[in-house]
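Residues per chain are reported as follows:
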Amino acid sequence: MKILLANFSKMIQDSGGLAKVHCNFANAMNRRGHKILMMYMDEREGEFFFPIDAGIETFNIQRLDGKILHYPLSYKMRREVFRVFSKNRARSINDDFIKKFLMSNVKSATEKFKPDVIICFQPTAGKTFLCDIKISTPVIIMSHGDPEDYFQTYPAEEIPALTKCSVCQVLMPSFAENLKRHLPDVNVKVIGNVVPQYEQQADLAAAKDFYKIIFIGRLVRNHKRPHLLIEAFEKISARFPNWTVEIWGAEDKSSYTEKLHNQIEKFQLSDRIFIKGTTKNVAQVLATGDIFVFPSAYEGFGLAAAEAMSMGLPVVAYKNCTAVNELVTDGVNGFLCEDGVESLAEKMSVLMGNQDLRVKFGNSARESVKKYSAEKIWNEWENLIFDLTISKAQP
């Protein structure tokens, strides 16, 4: 089977969740005997952050005649002007760029590869194949977040791709409901992300000199919001002198990272809160923790939280955080608190002060993510792909 994975976003040294899913998907299907083409869109050249297996083809649609085609300044200016008034219109500038400058590149690479199925990582890619190129190959459009966003911030020109594709895949049952509410006739399939099933488990029952709160996620102010963890910890730090915090993740904007450092210094907690940067050994980091705190405003799945749960860590998150509020069951494998610093500090303190509860929640967390094992998720994907190609082959 030839599978084209079309991710029209950056991949070079990108440590984000989308890049991780792209690489993991390619490796999994390659190991199952399928031929894979990873199609992506990046102004940079170099290696991927996440490794891919030998034999997997890669193709950067921004590379034309041996050179990188950079996003024109005029397009950037138009996009920023439109962003002030309409996110939908601003996003449409990217679609215009792809259609005008890159579509022939996409088409020729696709014709050369001759895929049996195309899996698009966003509606933008789906629009290119289904509405612009008008390909007859079965197309699956993946959703990496709540598809409700499609109808709020995505270009209207991309919506028809959702009805033209063979299947829309979503990560959570609630996401399927949201999509069906807008497009009742769309074919929706719920398949979650793969969560590593760690053999080891964090030893939450051990007596330690210091206990640790872990955060892993890109350092983004309005999304991952690690500053809320710092503020919450400051409120309770005096009551728990043998607790520390480790913040792991790639920098988004240097000004925000500097603010995090300034917060820590202001609270005189430089010896207890540590900004650690990125890691390629997530399991090793999680294994040293006792609680995972995830103050995100929203998530498409919450893979970092799910990986922490697989390691047996209880999670504290916000009940209004999409996806994570379906991973975490309040009072069972962690706590879901009201948005804000006070509630976060309160729930953190409950777990920090009760080791037996941490152990209980941690065991439940580990059990609850077993349904996202690689074997189960990749079987679901492979079955879906086979069903589509078989139905297409039938007269």
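Up top is the structure.
Residues numbered from 1 in each chain as written. Predicted model: local features only at pLDDT ≥ 70, side-chain atom pairs only at ≥ 80, totals over all residues. Heavy atoms only, no water.

Peer 1: Quick one: what's the story with the overall build of the protein chain, residue by residue and with numbers?
Peer 2: The helix and strand inventory of the protein chain stands at 15 helices and 15 strands. Against the compact-globule benchmark of 21 Å for 395 residues, the protein chain has a radius of gyration of 22 Å, which places it among compact chains. Considered along the principal axes of its C-alpha atoms, the protein chain spans approximately 65 × 45 × 40 Å. Taking the intrachain contacts of the protein chain between residues at least 6 apart in sequence as the baseline, contacts between residues at least 24 apart amount to 70%. Looking at the protein chain as shown, the accessible area adds up to about 17,700 Å², and 49% of this sits on carbon and sulfur atoms. (Helix = DSSP H or I, 4+ residues; strand = E, 2+ residues; numbered from the N terminus. Rg over C-alpha atoms; globule rule 2.2 N^0.38 Å. Contact = heavy atoms within 4.5 Å. Areas by Shrake-Rupley, 256 points an atom, 1.4 Å probe, with all protein chains shown as cover.)

Peer 1: For the packing of helix H8 (residues 226-236) against helix H13 (residues 341-352), give the residues involved together with the corresponding values.
Peer 2: With their axes 8 Å apart at the nearest point, H8 and H13 run at an angle of 60° to one another. The angle between H8 and H13 falls in the class oblique. Between H8 and H13 lies a crossing whose hand is right-handed. Across from Leu228, Leu229, Glu231, Ala232, Phe233, Lys235 and Ile236 in H8, the residues of H13 making contact are Val341, Glu342, Leu344, Ala345, Met348, Ser349 and Met352. Across the contact of H8 with H13, the residue classes break down as 10 nonpolar, one polar and three charged. (Axes fitted to C-alpha atoms, helices over the stretch in contact; angles between N-to-C directions. Parallel < 35°, antiparallel > 145°, perpendicular 65-115°, else oblique. Left-handed = near helix turned anticlockwise from the far one by under 90°. Nonpolar A, V, L, I, M, F, W, Y, C, P; charged D, E, K, R; others polar.)

Peer 1: Describe the packing of H13 against helix H14 (residues 355-368), and please don't skip the residues or the numbers.
Peer 2: Interhelical geometry of H13 versus H14 gives an angle of 100° and a closest axis separation of 6 Å. The angle between H13 and H14 places the two elements in the roughly perpendicular class. Between H13 and H14, the residues in contact are Val350, Leu351 and Met352 and Leu357, Arg358 and Phe361, respectively. Looking at the contact of H13 with H14, its residues break down into five nonpolar, no polar and one charged.

Peer 1: Give a description of helix H3 (residues 87-113) that names residues and reports values.
Peer 2: Given a rise of 1.5 Å per residue, 27 residues ought to cover 39 Å, yet the end C-alpha atoms of H3 are separated by just 34 Å, more than 12% below that figure. Of all the bends in H3, the greatest measures close to 70° and is centred on Leu102. For H3, the full list of buried residues reads Ala90, Ser92, Ile93, Asp95, Phe97, Ile98, Leu102, Asn105, Val106, Ala109, Thr110 and Phe113. Its side-chain oxygen at 3.4 Å from the backbone nitrogen of Asn88, Ser86 defines the N-terminal cap of H3. Within two residues after H3, Lys114 carries a phi angle of roughly 55°, on the positive side. (Expected span 1.5 Å × (residues − 1). Bend = angle between axes of the 7 residues up to and from the residue. Buried < 20%, exposed > 50% of the residue type's maximum accessible area, 1.4 Å probe, protein only. Polar contact = N/O pair within 3.5 Å; in protein donor to acceptor, adjacent residues only side chain to side chain.)

Peer 1: Run through the packing of aromatic side chains, naming residues and quoting values.
Peer 2: Under the definition given, this model contains 17 aromatic pairs. Between Phe301 and Tyr372, the aromatic rings sit 5.2 Å apart at their centres with planes inclined by 90°, giving edge-to-face as the arrangement. Of this pair, Phe301 sits in the loop between strand S13 (291-294) and helix H11 (303-310) while Tyr372 sits in the loop between H14 and helix H15 (374-393), placing them 71 residues apart in sequence. Neither residue differs from the other here; Phe301 and Tyr372 are each classed as buried. Positioned above the aromatic ring of Phe82 is the side chain of Arg89, whose terminal nitrogen or guanidinium carbon lies 4.6 Å from the ring centre. Arg358 extends its terminal NZ or CZ atom over the ring of Tyr211, reaching a point 5.2 Å from the ring centre. (Phe/Tyr/Trp six-rings, centres within 6.5 Å; stacked < 30°, edge-to-face > 60°. Lys NZ or Arg CZ within 6 Å of the ring centre and 35° of its normal.)

Peer 1: Hey, could you go over the pattern of salt bridges for me, with residue numbers and the actual values?
Peer 2: If you walk through the whole model with that rule in mind, you get 22 salt bridges. Linking Glu299 and Lys224 is a salt bridge whose minimum nitrogen-to-oxygen distance equals 2.7 Å. With a gap of 75 residues between them, Glu299 in the loop between S13 and H11 and Lys224 in the loop between strand S10 (211-216) and H8 connect regions that are remote in the sequence. Exposure class is identical for Glu299 and Lys224. Each is buried. Here the residues in one salt-bridge network are Lys10, Asp14 and Arg218, joined through shared partners. (Salt bridge = Lys/Arg side-chain N within 4 Å of Asp/Glu carboxyl O.)

Peer 1: Any chance you could break down the sheet that holds strand S7 (residues 139-142) for me, citing the residues and the numbers?
Peer 2: The strand order S3-S2-S1-S6-S7-S8-S9 describes an open sheet built from seven strands, whose pairing is parallel. Unpaired on one side and paired on the other, strand S3 (57-60) and strand S9 (188-190) mark the two borders of the sheet. The sheet shows a mean angle of 20° between the axes of neighbouring strands, taken without regard to direction. Of the pairings in the sheet, the one linking strand S1 (residues 2-7) to strand S6 (residues 117-120) comprises four bridges and is parallel in character. Each residue of the ladder has a partner; that of Leu4, found in S6, is Ile118. Packed on one face of the sheet, helix H7 (residues 173-182) meets strand S8 (167-170) and S9 and runs near 170° to S9. (Pairing = 2+ DSSP bridges.)

Peer 1: Before we move on, can you summarise the side chain of Glu299 with the specific residues and values?
Peer 2: Residue class for Glu299 comes out buried when judged on its relative accessible area of 9%. Side-chain polar atoms of Glu299 contact the side chain of His223, separated by 3.3 Å. When sequence neighbours within four positions are dropped, the list of residues in contact with Glu299 reads Phe175, His223, Lys224, Phe294, Cys321, Thr322, Ala323 and Val324.

Peer 1: For the environment of Leu336, give the residues involved together with the corresponding values.
Peer 2: Residue placement: Leu336 occurs in strand S15 (residues 334-337). Residue Leu336 is classed as buried on the basis of its relative accessible area, which comes to 9%. As for Leu336 and Val316, which are separated by 20 residues in sequence, their C-alpha atoms are 6.0 Å apart.

Peer 1: Describe helix H9 (residues 254-266), with residues and values.
Peer 2: Taking 1.5 Å of rise per residue, the 13 residues of H9 would be expected to cover 18 Å, and the 18 Å separating its terminal C-alpha atoms lies within 8% of that figure. Where the residues of H9 are buried, they touch H8 and strand S12 (273-277).

Peer 1: Describe the sheet that holds strand S11 (residues 243-248), listing the residues and the values that go with them.
Peer 2: Reading across from one edge, S12-S11-S10-S13-S14-S15 is the order of the six strands in this open sheet, with parallel pairing throughout. Pairing within the sheet leaves two strands with one partner each, and these edge strands are S12 and S15. Looking at each pair of strands side by side, their axes are set apart by 20° on average, direction ignored. As paired strands, S11 and S12 are joined by four bridges and run parallel to one another. For Glu246, the partnering residue across the bridge sits in S12 and is Phe274. Packed on one face of the sheet, H8 meets S10, S11, S12, S13 and strand S14 (315-318) and runs near 170° to S11.

So, to be careful, I would describe these as geometric facts and stop short of saying anything about function.
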